[in-house]
Amino acid sequence: MAIRGGLSEFSVPELLQLLALQQKTGVLTLAQREGHTHVLFFQRGRVLAAADRRQTGRHEFLAYLYQNQHLTQDQVESVEDICRSTGHDLFTVLLTSGVMGRDTLTEEMQRFSQRVVDELVHWPDGTYEFSSGDEKSLPNQGLHLTLNPEELVLESMRRNDELATMKESMLAPELILARVEEAPSQPLPRECAVVLK
């Protein structure tokens, strides 16, 4: 059974809270007209930090690891080649290839998931579709991580309040902070990456 609708009537925080309260299992796809799409997998009301095998092009999580200097360009390409040739999921390959340890990978998966939710809670419009299923419909991944969606939303709101306070106290009030859509592929210096986390 699928549930679909518009984010103008039912916001992302409300949607995540509903799926958590009803302990739903399935796939939530959120999209905007500009072509931005995010997919969250739910298992009994918890968000799984999982790869979307349906996407084309470079996996966003690999790009995130490269931007935050956890992987080199050669390592990213090597991981992609192994995923393609073996059919294994991204997280299994990252663990078994030895390019990342389990603790670091778990921490970065949590940060990446939080970053996705940070973006989603500010989407004023767009569409959502939740396709319910059973545990077999979820991707088989090498690292299981379940996150409370309500905690992710609360953390996003806290970060937004903190950013507004920082902007007010440290920066010019008329300054507009925005995420760059087409950022250069070069990683940021480590000092900047630490601030952005």
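Structure report, in brief. Note that the coordinates shown come from a computational prediction; the quantities given were computed from them, not determined experimentally.

1. Focus: unusual backbone geometry
The backbone of Gln-23 sits at a positive phi, close to 50°, despite the residue not being glycine. As for its position among the elements, Gln-23 is in the loop between helix 1 (12–21) and strand 2 (26–31). Of note, the phi angle at Gln-69 is positive, near 60°, even though the residue is not glycine. Its location among the elements puts Gln-69 in the loop between helix 2 (60–67) and helix 3 (73–86).

2. Re the side chain of Thr-25
On the secondary structure map, Thr-25 appears in the loop between helix 1 and strand 2. At 2.8 Å, the side chain of Thr-25 and the backbone nitrogen of Arg-44 are in polar contact.

3. Description of the packing of aromatic side chains
Remark: the centre distance and the inter-plane angle together describe each pair of aromatic rings, the angle taken between the planes. Taken as a whole and judged by the stated rule, the model has 6 aromatic pairs. Measuring from centroid to centroid gives 6.1 Å for Phe-10 and Tyr-128, while their planes differ by 50°, and the two rings are tilted. With Phe-10 in the loop between strand 1 (2–6) and helix 1 and Tyr-128 in strand 5 (residues 127–132), the pair connects residues that are 118 residues apart, well separated along the chain. For Tyr-128, a relative accessible area of 9% puts it in the buried group. Taken together, a centroid distance of 6.3 Å and an interplanar angle of 80° make the contact between Phe-42 and Phe-130 edge-to-face. Note that Phe-42 is positioned in strand 3 (residues 37–43) and Phe-130 in strand 5, a separation of 88 residues in sequence.

4. Section: the nonpolar core
Judged by nonpolar contacts, the single largest core of 39 residues is most densely connected at Leu-28, Leu-30, Leu-40, Phe-61 and Leu-94. No other element matches helix 5 (residues 102–120), which puts 6 residues into this core. Not counting residues up to four positions away in its chain, the partners in contact with Leu-28 are Leu-15, Leu-16, Leu-19, His-38, Val-39, Leu-40, Phe-42, Tyr-128, Glu-129 and Phe-130.

5. So, the sheet that holds strand 5
Strands sit in the order 1-5-2-3-4-6 across an open sheet of 6 strands; the sheet is antiparallel. With one partner strand each, in any of the chains shown, strand 1 and strand 6 (146–147) form the two edges of the open sheet. The strands touched by helix 1 are strand 2, strand 3 and strand 5; relative to strand 2, the strand with the most contacts, the crossing angle is about 175°. The sheet contacts of helix 5 involve strand 2, strand 3 and strand 6, and relative to strand 3 the element is tilted by about 120°.

6. Some details on the pattern of salt bridges
Under the definition given, this model contains 8 salt bridges. Close ionic contact of Arg-4 with Glu-129 constitutes a salt bridge, the shortest N to O distance being 3.1 Å. Taken as a pair, Arg-4 in strand 1 and Glu-129 in strand 5 lie far apart in primary sequence, 125 residues in all. Under the relative-accessibility criterion, Glu-129 is labelled partly exposed at 30%.

Thresholds applied
Residues numbered from 1 in each chain as written. Predicted model: local features only at pLDDT ≥ 70, side-chain atom pairs only at ≥ 80, totals over all residues. Heavy atoms only, no water. Helix = DSSP H or I, 4+ residues; strand = E, 2+ residues; numbered from the N terminus. Polar contact = N/O pair within 3.5 Å; in protein donor to acceptor, adjacent residues only side chain to side chain. Phe/Tyr/Trp six-rings, centres within 6.5 Å; stacked < 30°, edge-to-face > 60°. Buried < 20%, exposed > 50% of the residue type's maximum accessible area, 1.4 Å probe, protein only. Core = buried A, V, L, I, M, F, W, Y, C linked by side-chain atoms within 4.5 Å. Contact = heavy atoms within 4.5 Å. Pairing = 2+ DSSP bridges. Axes fitted to C-alpha atoms, helices over the stretch in contact; angles between N-to-C directions. Salt bridge = Lys/Arg side-chain N within 4 Å of Asp/Glu carboxyl O.

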